Structure formats: structure tokens, C-alpha cells
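Structural overview for review
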Amino acid sequence: MMNSDARKKAGLVLSGGGAFGAYEVGVINTLYGGRSPANGHTALDAAVFAGTSVGSFNAAVLAMNIDGAAASARRLNDIWLNAVADKGDGRGNGVYRFRGDVAEYVDPRVSGSSAEKLSRLLADADMLDGLAVRSAERFIKGRGSAVGRLAGLVDISVLLDTEPFANLVKSHVSPAVLRESSKVLSATATNWANGEPEDFNFRRMTDDQTWEAIRASAAIPGLFPAVTMAGQIFLDGGVVMNTPTLPAIEEGATELHVISLNPGVRDLQRTYTGSTLDILNHVYTSMVAANVSEDIESARWVNEGVEVLERLAGDNPPDFDSADGRRFVRVANMIWKKLEAEGELPARLTIHHYHPTSTLGGVLGMLNFDRAEIERMIAMGEADARTHDCDKNNCLIA
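Model, not experiment: these values are computed from the prediction.

This part takes up the nonpolar core. Residues Leu12, Tyr32 and Trp80 are the most contacted members of the largest nonpolar core, which totals 68 residues. What Leu12 contacts, discounting residues up to four positions off in sequence, is Ile28, Leu31, Tyr32, Leu44, Ala46, Val48, Phe49, Ala50, Leu62, His257 and Ile259. If you look at the next biggest cluster of nonpolar residues, it comprises 12 residues, including Val13, Val48, Ala253 and Val258.

Laid out in C-alpha cells, this is it:
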């Protein structure tokens, strides 16, 4: 019965958060440049990538592995600075545009001929007019209280045109290259019908399915429209799994580099302001931070359970009536499934956790793609990875 600890495989886990994905780019720059103590100041070359939301897009660019790991990291950085960020030249950002923004139709810096701008204006007007008619009809004919029907009129996602993001994905993610890559990519989206996370396997997907899956993973609820695939509706994977460590582990990663876009539990804001947005932001970041901590703690249990079994053949056998027994019971089912399927114990896991020490911004900050803000978050990610402290970040070292 061979333990698989000998087969080390690095995995990169990227969480969701809209524009905050620039922080991931900064951490990746440092890791892939061999400048982080977490990786012994050696350049990371991950074999497994798991992403949610914006993390899925970042992971896809890296998983293609065009010209190698270091070149892929530089390419991702360039995409964010030159294709994603709003450089203030009138072209906007590479993720979304506001429908009905009059300035866009008259600003000479905005790309497109007068005819193209007019066509865009008419299309926006038709979309918003159609929405108004449908909403009014639902309000008049709907059942329930007037307040409830009024709440049903709100659909911010209609005001955001996400065609720029669809074009961004098509321009920078090659499905054919992903299918042939030696790297493994998993992207998580939320199935609207059952509320369960769904991980997409890109080796068996067509070009259109690949692009749709990445867009579905990044369909921020209430802001970006849902994506329909094979008759099913999908939303942002961050709804149920913002930091997809499990898919990376299931793909064989034993040394995980997990990048969160929210502060860790120890760094959460302690003051209470009473502001509605502040409360929503705090609840969301607290939930995400707690989930990541739980994932790391679960991995710690796996390591302890494997250690208990390994001691059976040693000079210091475990005492199952003591703490050893509790450690084993917590993960006995998972260990048994691994033994039954593959004839070996699970590998002990190492998890390095990277995250900002303060919030990158609130809900609205996720939509701020201004070049200066993108550069700030990239620099922050680079600095945090260079000074990474495993004790402070509650990393798990096998």
C-alpha cells in the first residue's frame, strides 16, 4: 500500500471577485517569477488549475501554457493591463459597458464609425424599451403585493452589456490549445436549477462550450446575465464555491497555492458602521473567509488521518481510543474511498494561502476596472506574495 506523497503535483486555485482578479495577477507574477518564500523562491509551474468567476478566466489563460509557465504569466499580466483595464481613452474596459450611456455615442475617442455608434444606440434603446414594456406588464398582471411586484422590476444586469467580456474570452482563450495542453483546468459555475456547483472539463468541450463555460463561471448574480448551456442555466460559481480547492485536489494536486480576493478571518474589519453596503460587504467577506478556513482545516484532518494509518506499520502505533481515533474517524470515509478506488492512501496536502490583509473594495469595487486601480491591485498582490508568511496566513504544510 504505497502512499502517494511521493507524487507531488502543484495546483493553483483562483477565486472570484470581478476586478479584484487583478490581485491574483500580482500574486501569480511573484510566484511564477520565483520571488515568493512560500515556494522556496523557485518559479512555480502549476500542473492543475481550478478557478471560479474571474479566477476561471485567469486560470484558462495560464492553463493554455503558451510558450511555458513564465510566458503565460506575463501574457496574463499584459491582458489585464491592455485588454481588461479602462485606460481612460474612451474605449472603456474589456468586461462590460453601460447601455444607454449617451456620452459613449458622442465621444470621438470611442471606437467605431458614426453609423456603428448609431446602430449601438438603437440596439440599446430597443433592449431598454423592451425591458420597460415587459416589466410594466409583469407589474400590472402580476400577483401579490404592490411592493413585491415593484421589487420584481429591478434587473441591473440588463443595464450592463457584457459583450466586451464575451469578446475578451474569445480573443484570449483558445479552446483547441486548452484541449491539447498538458495542464488540467477546472472551472466552477453554479447550476441555477439545483444550486449545486458544476465543474467543467474542457478536454471534452467544443469551442463554443468552452467560451460559454468561462462566461457562466463569471456571471455575477444580479449584475451579469446568466448563461444557458445545454438547456440549463448557470451563474457565477462563487455563489456556492468561491475558492474551488476540492476540484484541484480531485484532479490530483497535492501542493495547492490558493489565492483569495478577500481578507483572511484574522484580518476582517472589526468596526461596525451600520451602513447597508458595509454590512453586506462584511457578511460576504466573512462567509468566504470562513469557507476557505474550513477547506484548509478539512485538509489538515486528511493529513492527520493519513499519518495515523501510516503509523500502523511503525514503532509508534496509533492509539485509536485517544486523539488518534478522532483524527481517523473524521476522514475515514474519504480515505476508504481512495483505497478502494486506487489501492493507496490519499496524498498529504500542502496548502499555501494568499490573500489581502484588508478588503480590496466593496461590491461596487468589483466593477472598477480603471487602469490605476488595476495597477494598484497587481502591485498589492506582488508585494503580499513576496512577504508571504505561512504562520500568519494559516497555511497547511504536509
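If you walk through the whole model with that rule in mind, you get 6 salt bridges. Put simply, Glu375 and Arg371 hold a salt bridge, and the shortest N to O gap is 2.8 Å. Of this pair, Glu375 and Arg371 are both found in helix α13 (residues 371-386), 4 residues apart, which corresponds to roughly one turn of the helix. On the basis of relative accessible area, Glu375 is assigned to the partly exposed category, the value being 37%. For Arg371, a relative accessible area of 24% corresponds to the partly exposed category.

Compared with an ideal rise of 1.5 Å per residue, which puts 16 residues at 22 Å, α13 spans 23 Å between its outermost C-alpha atoms and is within 8% of the ideal. Those residues of α13 lying buried are Ile374, Met377, Ile378, Gly381 and Ala385. In a view along the axis of α13, the buried residues occupy a sector of 100°, so they form one face of it. Looking at the packing, one finds that the buried side of α13 touches α1 (21-32) and α3 (69-84).

Okay, the state of the cysteines next. Here a disulfide denotes one covalent bond, and it connects the sulfur atoms of two cysteines. Overall, the coordinates contain 0 disulfides when judged by the stated rule. This cysteine, Cys390, is not joined by any disulfide, and Cys395 carries the nearest cysteine sulfur, 3.7 Å off.

What follows covers the side chain of Thr162. Note that Thr162 resides in the loop between β4 (160-161) and α7 (163-172). We classify Thr162 as buried; its relative accessible area is 19%. Here Thr162 is in contact with Val95, Tyr96, Phe224 and Pro225, once residues within four sequence places are set aside.

For the rest of this paragraph, the subject is unusual backbone geometry. For Ser53, which is not glycine, the phi dihedral falls at a positive 60°. Assignment of secondary structure puts Ser53 in the loop between β2 (48-52) and α2 (54-63). Under the relative-accessibility criterion, Ser53 is labelled buried at 2%. Positioned with a positive phi, Asn65 is a non-glycine residue whose angle comes to about 55°. Along the chain, Asn65 falls in the loop between α2 and α3. A relative accessible area of 22% means that Asn65 is categorised as partly exposed.

A word on the pairing of strand β10 (residues 350-354). Of all 5 residues that make up β10, 5 are buried, and the element is covered over most of its length. Of the two faces of β10, the one carrying Thr350, His352 and Tyr354 and the one carrying Ile351 and His353 are both buried. Bridge count for strand β9 (residues 255-259) against β10 is 5 bridges, and the pairing is parallel. Bridge assignment links Leu256 to a residue of β10, and that residue is Ile351.

Looking at the protein chain, the pLDDT average stands at 78 and 66% of residues meet or exceed 70. This stretch, residues 127-141, has a pLDDT under 50; its non-local contacts, to residues over four places away or in other chains, come to 16 contacts.

Further remarks concern α1. Taking 1.5 Å as the rise per residue, α1 with 12 residues should run 16 Å; its terminal C-alpha atoms sit 16 Å apart, in good agreement. Where burial is concerned, most of α1 is hidden: 12 out of the 12 residues are buried. Among all positions of α1, only Gly21, Ala22, Tyr23, Glu24, Val25, Gly26, Val27, Ile28, Asn29, Thr30, Leu31 and Tyr32 are buried. Looking one or two residues past α1, Gly34 carries a phi angle of roughly 70°, positive in sign.

Procedures and definitions
- Residues numbered from 1 in each chain as written.
- Predicted model: local features only at pLDDT ≥ 70, side-chain atom pairs only at ≥ 80, totals over all residues.
- Heavy atoms only, no water.
- Core = buried A, V, L, I, M, F, W, Y, C linked by side-chain atoms within 4.5 Å.
- Buried < 20%, exposed > 50% of the residue type's maximum accessible area, 1.4 Å probe, protein only.
- Contact = heavy atoms within 4.5 Å.
- Salt bridge = Lys/Arg side-chain N within 4 Å of Asp/Glu carboxyl O.
- Helix = DSSP H or I, 4+ residues; strand = E, 2+ residues; numbered from the N terminus.
- Expected span 1.5 Å × (residues − 1).
- Arc of directions from axis to C-beta.
- Disulfide = S-S within 2.5 Å.
- Pairing = 2+ DSSP bridges.
- pLDDT = per-residue confidence, 0-100.

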